[in-house]
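Structural overview for review
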Amino acid sequence: MRVALTVSTILITVFGVASGVYKIAGGEADLRIFAHLGMGQVLVRVFGLLQALASCLVFHRPLGVVAAGVLTACNALASAGLFAAGVQPFGWISLVFVAMAACAVAWARARRKG
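Thresholds applied
Residues numbered from 1 in each chain as written. Predicted model: local features only at pLDDT ≥ 70, side-chain atom pairs only at ≥ 80, totals over all residues. Heavy atoms only, no water. Core = buried A, V, L, I, M, F, W, Y, C linked by side-chain atoms within 4.5 Å. Buried < 20%, exposed > 50% of the residue type's maximum accessible area, 1.4 Å probe, protein only. Helix = DSSP H or I, 4+ residues; strand = E, 2+ residues; numbered from the N terminus. Phe/Tyr/Trp six-rings, centres within 6.5 Å; stacked < 30°, edge-to-face > 60°. Salt bridge = Lys/Arg side-chain N within 4 Å of Asp/Glu carboxyl O. 1 Å grid on protein atoms, 1.4 Å probe; cavity = no way out; pocket = protein on both sides within 12 Å on 5 of 7 lines; lining within 4 Å. Points joined across faces, edges and corners; volume = space filled by probe spheres on them. Nonpolar A, V, L, I, M, F, W, Y, C, P; charged D, E, K, R; others polar. Contact = heavy atoms within 4.5 Å. Arc of directions from axis to C-beta. pLDDT = per-residue confidence, 0-100.

Quick look at the nonpolar core now. Grouped together as the largest cluster of nonpolar side chains are 15 residues, with contacts concentrated most on Ile12, Val58, Ala68, Leu71 and Trp107. Contributions of two or more residues to this core are made by helix H1 (2-24), helix H4 (64-85) and helix H5 (90-113). The biggest single contributor to this core is H5, with seven residues.

Here it is in structure tokens:
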């Protein structure tokens with residue numbers, strides 16, 4: 001189980017960094033999706049910075065649990081954007097990323113304990 005959590009955490013952090021960098025770069029698809037949540041270009045870029053930073057900090061022992069929690073919230077908000085934009089079936093598929101980030105919280109907790 002520990003190996004599965006570690007692999008899941010690595011995958012979701014790579015996804016989080018890539019997704020965050022895409023938002024920072026002003027990726028057109030994300031700008032359109034988040035516009036359905038009332039987010040403008042600057043806010044999407046700030047959100048992308050938060051997502052990328054949280055992804056990187058998941059592996060930092062003192063902040064890993066908080067970072068994984070922030071990453072989970074970022075993925076949940078992105079899923080909400082997909083549903084609001086009517087992007088299906090990817091809206092449903094994106095819930096897998098939310099679950100993976102939630103698993104990263106469990107991984108970070110276990111890692112913090114030793």
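Still more ground to cover, so stick around.
Here we come to the packing of aromatic side chains. Enumeration over the complete set of coordinates arrives at five aromatic pairs. Relative to Phe47, the ring of Phe34 has its centre 5.3 Å away and its plane inclined at 55°; by these criteria the two rings are tilted. Of this pair, Phe34 sits in helix H2 (residues 28-35) while Phe47 sits in helix H3 (residues 41-57), and the two are 13 residues apart along the sequence. By relative accessible area, Phe34 is classed as buried at 1%. Linked through ring pairs, Phe15, Phe90 and Phe97 together constitute an aromatic cluster.

Another point: the pattern of salt bridges. The tally for this structure, following the rule as stated, stands at two salt bridges. In this structure, the salt-bridge partner of Asp30 is Lys23, at a minimum N-O distance of 3.3 Å. With respect to class, Asp30 is no different from Lys23; both count as buried. Here Arg32 ties to Glu28 by a salt bridge, and the two come within 3.8 Å at their closest N and O atoms. Here Arg32 pairs with Glu28, and both are found in helix H2, just four residues apart, close to one helical turn.

Okay, the layout of surface pockets next. If you add up the space inside the largest pocket, you get close to 220 Å³. In terms of lining residues, the largest pocket is bounded by 15 residues, among which Phe15, Ser19, Ala78, Leu82 and Phe90 are the most central. At the level of secondary structure, the elements contributing two or more residues to the lining of the largest pocket comprise H1, H2, H4 and H5. In terms of residue class, the lining of the largest pocket is built from eight nonpolar, five polar and two charged.

Below, the discussion takes up the side chain of Gln51. One can find Gln51 in helix H3. In this structure, Gln51 is in contact with Gly16, Ser19, Gly20, Lys23, Leu71, Cys74 and Asn75, ignoring residues within four places of it in sequence.

This next bit is on H2. Working note: α-helix, 3.6 residues per turn, so residues spaced by three or four point in the same direction. Within H2, the full set of buried residues consists of Asp30, Leu31, Ile33 and Phe34. Considered in projection along H2, the buried side chains sweep an arc of 165° and stay on one side of the axis. Residues of H2 that are buried sit in contact with H1, H3 and H4.

To continue, consider the confidence of the model for the chain. Interpreting fine coordinate detail is not advised for predicted regions of low pLDDT. Here the chain averages 95 in pLDDT, and 99% of its residues register 70 or above. Mean pLDDT across the elements of the chain bottoms out in H5 (93) and peaks in H3 (98).

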